[in-house]
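Chains, contacts and geometry: an overview
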Amino acid sequence: MTNSDLICAFCGKEPEEVVSVVNAVSVNAKGQQTASAICNECVELCVQVIGLQKPEWLERHRQFVATLGK
Ligand SMILES: [Zn+2]
């Protein structure tokens, strides 16, 4: 894994600039591995965007978050 894998694909920030960068490796239909990453700030932004698009989803998300750290 190279350093560029650790840069958020959404905002370009590196792990040193945020709380956390989560990596994902997936395999496409041609069998090639592709890597991408997202930082905690963009995850929060995504939750906001999805919440605006699908307000009914927010309650489900709230319940999910409440189960974490237990
Ligand atoms: Zn980001």
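Now for a look at the structure at hand. Residue positions are given per chain, counted from 1 along the sequence in the order it is written. With the structure being a predicted model, the display of local features is reserved for residues of pLDDT at least 70 and the display and counting of side-chain atom pairs for 80 or more, all residues being used for whole-chain, interface and lining totals. Only hydrogens and water are set aside; all other atoms, that is, all heavy atoms of the structure, feed into the side-chain values.

Moving on to the overall build of the protein chain. Helix and strand definitions follow DSSP, with helices as H or I runs of at least four residues and strands as E runs of at least two, each counted in order from the N terminus. Regarding its fold elements, the protein chain presents 2 helices and 2 strands. Radius of gyration here uses only the C-alpha atoms, and the compact-globule reference equals 2.2 Å multiplied by the residue count raised to the power 0.38. Expected size for 70 residues packed as a compact globule is a radius of gyration near 11 Å; at 15 Å, the protein chain overshoots this value by more than 25%. Once the C-alpha set of the protein chain is aligned to its principal axes, its extents read approximately 35 × 35 × 25 Å. For the protein chain, restricting intrachain contacts to residue pairs at least 6 apart in sequence, the fraction spanning at least 24 positions comes to 27%. Accessible surface, the protein chain: about 5600 Å² in total, of which carbon and sulfur atoms supply 57%. Across the protein chain, the mean location of the 6 positive side-chain charges is 12 Å away from that of the 8 negative side-chain charges. Whether two residues are in contact is decided by their heavy atoms: any pair within 4.5 Å suffices. Here the Shrake-Rupley method, with its probe set to 1.4 Å, supplies the accessible areas, and only the displayed protein chains count as covering residues. This count recognises Lys and Arg as positive and Asp and Glu as negative, with His and chain-terminal groups excluded. Lysine's charge is taken at NZ, arginine's at CZ, aspartate's at CG and glutamate's at CD.

Let's shift gears to the coordination of the zinc ion. Shown as donors are all N, O and S atoms within 2.8 Å of a metal ion, widened to 3.2 Å for Na, K and Ca; because water is not in the atom set, sites may appear incomplete. Bound to the zinc ion on the protein side are C8 (SG), C11 (SG), C39 (SG) and C42 (SG), at distances that span 2.3 Å. If you look at the zinc ion, its 4 donor atoms make angles of 106 to 117 degrees with each other, and the shape they trace is tetrahedral. Read in sequence order, the donor residues coordinating the zinc ion give the pattern C-x2-C-x27-C-x2-C. Partly exposed describes any residue whose relative accessible area lies between the buried limit of under 20% and the exposed limit of over 50%, with all areas from a 1.4 Å probe on protein chains only and scaled to the type maximum. For C11, a relative accessible area of 37% gives the class partly exposed. Between 85 and 135 degrees for all angles marks four donors as tetrahedral; over 155 degrees for opposite donors together with 65 to 115 for all other angles marks four donors as square planar and six as octahedral; every other arrangement is irregular.

A word on the packing of helix α1 (residues 40-53) against helix α2 (residues 55-67). For any two helices packed against each other, one specifies the inter-axial angle together with the distance between the axes. Where helices are involved, their axes are fitted lines through C-alpha atoms of the stretch in contact, as for all axes, and angles between N-to-C directions lie from 0 to 180°. Relative to each other, α1 and α2 sit at 130 degrees, their axes nearing to 5 Å. Comparing their axes, α2 and α1 come out oblique. Each of V47, I50, G51, L52 and Q53 in α1 lies in contact with α2, whose residues at this interface are P55, W57, L58 and H61. Roughly parallel here means an angle under 35 degrees, roughly antiparallel means over 145, roughly perpendicular means 65 to 115, and every remaining angle is called oblique.

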